[in-house]
Amino acid sequence: MALSSPSGGVRRARQLLHVSVLAQSASPCGRFLAAANDFGEIAIFGLSAALSAEAKEENRRAVAVVRAHNGPVYSLASTERLLLSGSDGEIRAWSWAELGRKGCRELWTRRPPCRSSLEVPEINGLEVNQRHELRGHQDLVHVVALREQLPQVLSGGEDGTVRLWDLRTGAQVQLIEVHKYQECSRPQLGKWIRCLATESDWMVCGGGPALTLWHLRSGTPTTVFGLAQPQHHALFHQDLVLSGGVGPALHLLQLSGDVRGKVPVTPAALRSLCLHPRSPEHQVLTVAGNSPKIDVFTNLGYRAFSLSFT
Amino acid sequence: MTPGAVTAPSIATTAGPSAAPLCHHRHRRRGPVPRGARGSPARPPRAARPPPAGSGPSSRRLPLHGRRSRRLHCGKLTSLAAAAAPPAPALAAMGAVTDDEVIRKRLLIDGDGAGDDRRINLLVKSFIKWCNSGSQEEGYTQYQRMLSTLSQCEFSMGKTLLVYDMNLREMENYEKIYKDIENSIAAAHEKISECKKQILQAKRIRKNRQEYDALAKVIQHHPDRHETLKQLEALGKELQNLSHIKENVEDKLELRRKQFHVLLSTIHELQQTLENDEKLSEAEESQETQMEAEAKQ
């Protein structure tokens, strides 16, 4: 893994065959995409350039590749000026303004206490003045999501529970044990919760149990989406739920449970979905997973082109 | 004249429109010349003609023709003569190149296939000739011819002006159409963005409907509230009834108990009284016997 330069060479080519992109994040200005892989590198892509009418082949390659961590980078989050990357037990912050230049150093590094692997949620999870230790999960926490209208955080983990925490007091507000519900549990796959997304009163979560839409106020599962494979990432988008997981397809699901589409993608399994709002009516979706290629969708029905990690 | 007539058009076609003035003159006489490609072998004889200009005047026109052609086309035809030297196929190609330049120059100067310029020059020349001529009838015919040439010039000028006007109006028309199309493009853009907004709204509505449906499905699993309320009411009534009955029964029980109590206490009293009475009577009897015993002593 100790490579001197991120470009060129047979070794690099071989390494690229094994790259998995684990997380993506959009820049605050909307022109760049940061993608992190399991070798500890973060690649910056010029998304506006690649989407413009006269994009050429070199626009589809990374503008810069940064050696961020020694271990896999599991998650990325963006604020106005910073890009946070989370890896084994440490979080590093990078300035968006400097990421494109050579020799970029991180702004700071923090080590949250007693964690083995880390997921970085939306940025506010780490505001210094409001840190609480949210104790409760029995096992790994896989995914964290912020609720928009209430100051709450949802977290889902290996122990199969989704917990809601209040951000002001740090107390657990609600506990949903997903695997205890008959409709969605799949004991043959396990009870881990890997993907979580929330919007107003609704939440979609999945992983070992089937992807289900939950109503948070009553804590009841309303629709079970019949996807055979475990899902790794899900998003709410307009009136759809987008989800990707094991299997080379992006699923477009309606809240009523109908599968509106299953779009083939390049990676063999999807790990991360990222939406870039370019205008209120038009959004661009980038999906990435077990492949050095990141697919870009301008229209949700088909793949427009691919960016490649170099 | 006939050989010249035959060769000139053919030369015109092979030499391209550069020989247009030549055949134009002929056009007025013989109709449009078919501008098909004729054989270039016709070229050398014609190219050889101009140098002996003015020679062999078979008709009146030919010397004029020849002179005019010499004056106006000498540059071009000398190049043609020079071009006559190379072999025929290359000749056609090279001639076309130089002809193009000449055509361009001609068109720039004349505009109408070089007919008017020639006509005006001819008019001037014939006027000078007429001024210098002596005889009456020749002068008269010349004069008539000049008038006709003049009217032809005027006619062609009028035609050009009309064409110019027409072009201006066509341009305006096209400008108008262009603006209309631009406006409709802008309107279409507007409509597209409106429709996109409507799509967003419709998607939101659909999402709300689906959320509602999802919750409704869950709610349907639970029993109906009215029925439960009714059952609750019925149960409550039953409960009341039963408690009523219980009260009644308890009252009755109390009453009976009290009655029994009264009865029992009366019985006891009676018993007591009877016992008392017995005791009293015993006591009296014992006292009597005692008194008797005492009296006997």
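Since this is a predicted model, take the numbers as computed values, not measurements.

A closer look at the packing of aromatic side chains
Residue and element names in this part refer to chain B.
Step number 1: Scanning the model with the defined rule gives four aromatic pairs over all chains in all.
Step number 2: Relative to Trp 130, the ring of Phe 127 has its centre 6.1 Å away and its plane inclined at 40 degrees; by these criteria the two rings are tilted. Of the two residues, Phe 127 and Trp 130 both sit in helix α6 (residues 115–132), three residues apart, roughly one turn of that helix.
Step number 3: Residue class for Phe 127 comes out partly exposed when judged on its relative accessible area of 43%.
Step number 4: Judged by relative accessible area, Trp 130 falls into the partly exposed class, the value being 27%.

Some thoughts on the pattern of salt bridges
Step number 1: Applying the stated criterion across every chain, the model contains eight salt bridges over all chains.
Step number 2: Between Lys 207 of chain B and Glu 199 of chain A there is a salt bridge, with its nearest N and O atoms 2.1 Å apart. Here Glu 199 of chain A lies in strand β13 (residues 193–199) and Lys 207 of chain B lies in helix α7 (residues 136–221), a pairing that spans two chains.
Step number 3: Residue Arg 303 of chain A pairs with Asp 295 of chain A through a salt bridge whose shortest N-O separation is 3.9 Å.
Step number 4: Accessibility expressed as a relative area gives 0% for Asp 295 of chain A, which makes it buried.

Overview of the sheet that holds strand β6 (residues 82–86) of chain A
Residues and elements named next belong to chain A.
Step number 1: Strand order in the open sheet made by the four strands is β5-β6-β7-β8, with antiparallel pairing throughout. Lying at the two open borders of the sheet, with one neighbouring strand each, are β5 (75–78) and β8 (108–110). The average undirected angle you get between the axes of adjacent strands in this sheet is 20 degrees.
Step number 2: Inspection of the sheet shows strand β7 (residues 91–95) paired to β8 by three bridges, in the antiparallel sense. Considered in β8, the bridge of Arg 92 is made with Thr 109.

Notes on the confidence of the model for chain A
Step number 1: Per-chain confidence: chain A averages 79 in pLDDT, with 84% of residues scoring 70 or above.
Step number 2: In this model residues 122–130 of chain A is a low-confidence stretch, pLDDT under 50, and it forms twelve contacts with partners more than four residues away in sequence or in other chains.

Quick notes on the nonpolar core
Residue and element names in this part refer to chain A.
Step number 1: Ranked by internal contacts, the top residues of the largest apolar core, which has 18 residues, are Val 21, Ala 35, Phe 45, Ile 294, Leu 307 and Phe 309.
Step number 2: For this core, the secondary-structure elements that each account for two or more residues are β2 (32–37), β3 (41–46), α2 (47–51), β22 (282–289), β23 (293–297) and β24 (305–308).
Step number 3: Leave out the neighbours within four places in its chain, and Ala 35 touches Val 21, Ala 23, Gln 24, Glu 41, Ile 42, Ala 43, Phe 45, Leu 76, Ile 294 and Phe 309.
Step number 4: Core analysis: the next-biggest nonpolar cluster, separate from the first, contains 15 residues, Ala 34, Ala 68, Leu 76 and Cys 104 among them.

Notes on the sheet that holds strand β4 (residues 64–67) of chain A
All names here are of chain A.
Step number 1: Taken together, four strands build an open sheet; the order of strands is β1-β2-β3-β4 and the sheet is antiparallel. Here the strands that pair on one side only, and so sit at the sheet edges, are β1 (21–26) and β4. Neighbour-to-neighbour, the strand axes of the sheet open up by a mean angle of 20 degrees, direction not taken into account.
Step number 2: Inspection of the sheet shows β3 paired to β4 by four bridges, in the antiparallel sense. Along β4, the bridge assignment pairs Ile 44 with Ala 64.

Describing the state of the cysteines
In protein structure, a disulfide is the covalent linkage between the sulfur atoms of two cysteines.
Residue and element names in this part refer to chain A.
Step number 1: Evaluation of the coordinates by the stated rule reveals zero disulfides over all chains.
Step number 2: A disulfide-free cysteine, Cys 195 has its sulfur positioned 7.1 Å from the sulfur of Cys 205, the nearest such atom.
Step number 3: Residue Cys 195 is classed as buried on the basis of its relative accessible area, which comes to 1%.

Conventions and cut-offs
Position numbers for residues count from 1 along each chain, tracking the sequence in the order it is written. Numbering of ligands from 1 and lettering of chains from A proceed in the order in which they are written. With pLDDT at 70 or above as the cut-off, local features in this predicted model cover only qualifying residues; side-chain atom pairs require 80 or more to be listed or tallied, and sums for whole chains, interfaces and linings still use all residues. For the side-chain quantities, the full set of heavy atoms in the structure was used; hydrogens and water were omitted. Any two of the Phe, Tyr and Trp rings considered here, Trp counted by its six-membered ring, make a pair once their centres fall within 6.5 Å; the pair's planes then place it as stacked at under 30 degrees, edge-to-face at over 60, or tilted in between. Helix and strand assignments follow DSSP, with helices taken as H or I runs no shorter than four residues and strands as E runs no shorter than two, numbered in order from the N terminus. The classification of residues rests on relative accessible area computed with a 1.4 Å probe and restricted to protein chains. Under 20% of the type maximum is buried, over 50% is exposed, and intermediate values are partly exposed. Take a side-chain nitrogen of Lys or Arg and a carboxyl oxygen of Asp or Glu: if they are within 4 Å of each other, that pair is a salt bridge. The criterion for strand pairing is that DSSP finds at least two bridges linking the strands in question. Orientation is described by axes fitted as lines to C-alpha atoms, over the contacting stretch for helices, and by angles from 0 to 180 degrees between their N-to-C directions. Note: pLDDT gives the predictor's confidence per residue, expressed from 0 to 100. Contact criterion: two residues are considered in contact whenever any of their non-hydrogen atoms come within 4.5 Å of each other. The term nonpolar core refers to a set of buried residues drawn from Ala, Val, Leu, Ile, Met, Phe, Trp, Tyr and Cys, joined through side-chain atoms within 4.5 Å. In what follows, a disulfide is any cysteine sulfur pair within 2.5 Å.

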